[in-house]
Amino acid sequence: MEETKLTGRIVTPDDAEYEQARTNNNLGVPKFPRIIVFCQNTNDVVNALKWVKENHVPFRIRSGRHSYENFSLVNGGLVIDVSEMDGIKIDSKSMTAKIEAGANLGKVYNELWKKGTTIPAGTESSVGLVGLVLGGGIGMLSRLFGLTCDNLLEVEMAIVNEQREVELIKANKNHNSDLFWACCGGGGGNFGIVTSLTFKVQPISKVSIFSITWEWEDFEAAFDAWQHWATNTDKRLTSEIELKSKEANQIIAQGEFVGSSFKLKELLQPLIDVGCPKKVVIKEVSYIEAVQFFDDPSGNQPAPRKRSGSFLNKPFPKEAILTMKHFLENAPNEKSSIWHQSLGGAVEEVGSNETAFYYRDAIIAQEYLATWSHPSEERANIRWIEELRNALSRYTTGDYVNWPDRFIRDWPTAYYGENFKKLREVKRAYDPCNLFHFPQSIPPFINWF
Ligand SMILES: Cc1cc2nc3c(=O)[nH]c(=O)nc-3n(C[C@H](O)[C@H](O)[C@H](O)COP(=O)(O)OP(=O)(O)OC[C@H]3O[C@@H](n4cnc5c(N)ncnc54)[C@H](O)[C@@H]3O)c2cc1C
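As recorded in an unreviewed UniProt entry, the protein chain goes by the name Berberine and berberine like family protein, listed as coming from Priestia megaterium. In the Sequence similarities (unreviewed entry) part of its UniProt record, the protein chain is described as follows: "Belongs to the oxygen-dependent FAD-linked oxidoreductase family."

And the structure:
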């Protein structure tokens, strides 16, 4: 049998572009692959899979490079990168879009906007759509249109079947429906290499956005008001609140409303009335301006980071709010923060086992963030995140699989709750040899009897 050759743009440690090619968004977990292949089409993906099989080389799949734990990189192995496959075809008649797996959110929003459409997805333009949707996908339209995966119609994927052959398959609600279910929240890198995603798109034109900034003295009042308000307000309104360190002295709530600024102002009044906001902005803008408003490329340059997260099923009691305050008073540096996004609305209209995304009843997704500049600061930052997570764990549940944390011991329950068993069965059906594996990947279900 003829040996398979890698095809596509190939980068190795001898190439000048290697440093750039191997660098992910999180510099805190560096990895040094032997080869990175930038696939240009599905054929390159198939060849890469055949090559790793024939040569028994460890490999990972990569798109937008935003995995918190760099699960899309591997030391000494092959990185199969799909980011240069980023074509988008929109069918305005059927209101669907077929998007290649390498497109990032910035490209997706800009292309769909040209046809007056969008999909609900995340806020940072450099995040890969594929990694985001496979884990669920939350963003500023979640409460109105649901998770990103709730708008997914079909995936095309290269898998390695029981005969250890590479096969190109489609999964949707009627065909390979168990795999499709798993692609809606089961997390990236588990079953095969997604080459394209088809979505139903939503019409969009003008929206209203807001931003309210308080200082430290309003910490408890602002968070408490937001957590009760954000999850009960009009479902066309999705919002976030970031609690920054005491040193940074800023609490910022922001959000997007698919409706007029007049109505938004009315909805916001209970929040504006809290404490002494230092700045309030409410404006009606084109949808693409709203996308740019929530995108923060300067805050998202590659840096050493540690992040983790959880969900809230009910509002925090006063003790939990004081716990957050204590941690932010004693943060390792000014940049540490706790971020929240409101859920509910269309997200909770889907059952916990209807897709692999389990935490449908959560009212808030909560994220812990730390970043540093010098390696000597790493330990203190990681400790801060883990202690914060543990201190809040009596009030929270699980963790969003797109915010993976290698220190969570019972990660199967944390990411998947009761859906883990079915995910293992899907794994056995589509990746029986467990070729697609990484720390915290779904293991195949083995029936010993
Ligand atoms: C700055 C920042 C902002 C974020 N904002 C949001 C947000 O607003 N909303 C939200 O929901 N999440 C958000 N996230 C989390 C984000 O959804 C996850 O990090 C997601 O996994 C990133 O996907 P990626 O393609 O960029 O990353 P990658 O590191 O390339 O991949 C992530 C995972 O998906 C796998 N994967 C990549 N390509 C494929 C493929 N073609 N087929 C199968 N598996 C594949 C990888 O192996 C890896 O396990 C954010 C993360 C960061 C760092």
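### Quick notes on empty space enclosed by the protein
Under the counting rule described, the total for this entry stands at four cavities of 30 Å³ or more. What the largest cavity holds in volume is close to 90 Å³. Y109, G122, M140, E256 and Y287 are, among the 13 residues lining the largest cavity, the residues nearest its centre. Looking at the lining of the largest cavity, the element that brings in the most residues is helix α9 (residues 287–294), giving four residues. Its residues assigned to classes, the lining of the largest cavity comprises nine nonpolar, three polar and one charged. The space that makes up the second largest cavity amounts to roughly 40 Å³.

### Quick look at the side chain of K325
When you line up the elements, K325 lands in helix α10 (residues 318–329). The exposure class of K325 is buried, given its relative accessible area of 17%. Residues in contact with K325, not counting those within four places in the same chain, are W216, F219 and E220.

### Some points on the sheet that holds strand β18 (residues 364–371)
Taken in spatial order, the seven strands make up an open sheet running β15-β12-β14-β13-β17-β18-β16, and their pairing is antiparallel. Bordering the open sheet on either side are β15 (279–286) and β16 (305–312), each of which pairs with just one other strand. Adjacent strand axes in the sheet meet at a mean angle of 15°, parallel and antiparallel pairs treated alike. In this sheet, β18 lies alongside β16 in antiparallel orientation, the contact comprising eight bridges. Its bridge partner being in β18, S310 is matched across the sheet by Q366. Most of the contacts of helix α7 (residues 219–230) go to strand β13 (residues 237–244), to which it runs at about 160°, and overall it touches β12 (206–214), β13, β14 (251–257), β16, β17 (337–342) and β18.

### Observations concerning the pairing of strand β10 (residues 193–200)
Among the eight residues that make up β10, seven are buried, leaving the element largely enclosed by the rest of the structure. The pairing of strand β6 (residues 96–100) with β10 spans five bridges and is antiparallel. Note on β10: the bridge partner recorded for I99 is L197. Relative to β10, strand β8 (residues 152–160) is paired through six bridges, and the arrangement is antiparallel. What sits directly across from E156, in β10, is S196.

### Considering the packing of aromatic side chains
Counted under the stated rule, the structure contains 22 aromatic pairs. Relative to Y416, the ring of Y415 lies with its centre 6.0 Å away and its plane at 85°, an arrangement referred to as edge-to-face. The same class applies to Y415 as to Y416, namely buried. Linked through ring pairs, F311, W339, F357, Y358, Y359, Y400 and W403 together constitute an aromatic cluster. Above the face of the F445 ring, K421 is positioned so that its terminal group lies 5.6 Å from the ring centre. Here the guanidinium or amino end of K422 rests over the ring plane of W181, the centre of that ring lying 4.1 Å away.

Rules used throughout
- For every chain, the first residue of the written sequence is number 1, and numbering continues from 1 along that sequence.
- Predicted model: local features are reported for residues with pLDDT of at least 70 only, side-chain atom pairs are reported and counted for 80 or more only, and whole-chain, interface and lining totals are derived from all residues.
- Hydrogens and water are ignored here; the side-chain numbers use all heavy atoms of the structure.
- UniProt positions are given in the numbering used here, feature names are shortened, and annotations may be inferred rather than shown by experiment.
- Put plainly, a pocket is an open set of points on a 1 Å grid over the protein atoms alone with protein on both sides within 12 Å along at least five of seven lines, a cavity is a set where a 1.4 Å probe fits but cannot get out, and a lining residue has an atom within 4 Å of a point.
- Grid points are joined across faces, edges and corners, and a volume is the space filled by probe spheres set on the points.
- Secondary structure counts use DSSP, requiring at least four H or I residues in a row for a helix and at least two E residues in a row for a strand, with both numbered from the N terminus.
- Each residue is assigned to one of three groups, with Ala, Val, Leu, Ile, Met, Phe, Trp, Tyr, Cys and Pro labelled nonpolar, Asp, Glu, Lys and Arg labelled charged, and all others, Gly among them, labelled polar.
- Buried residues are those whose accessible area, probed at 1.4 Å on protein chains only, stays under 20% of the maximum for their type, while exposed residues exceed 50% and partly exposed ones sit between those limits.
- The contact criterion used throughout is that any non-hydrogen atoms of two residues lie within 4.5 Å.
- At least two bridges found by DSSP between two strands are what make those strands a pair.
- Only the contacting stretch of a helix is used when fitting its axis, a line to C-alpha atoms as for every element, and angles between N-to-C directions run 0 to 180 degrees.
- Aromatic rings from Phe, Tyr and Trp, taking only the six-membered ring of Trp, are treated as a pair when their centres fall within 6.5 Å; an angle between ring planes under 30 degrees marks them as stacked, one over 60 as edge-to-face, and anything in between as tilted.
- Two conditions define a charge sitting above a ring: the NZ of Lys or the CZ of Arg must be within 6 Å of the ring centre, and it must be within 35 degrees of the ring normal.

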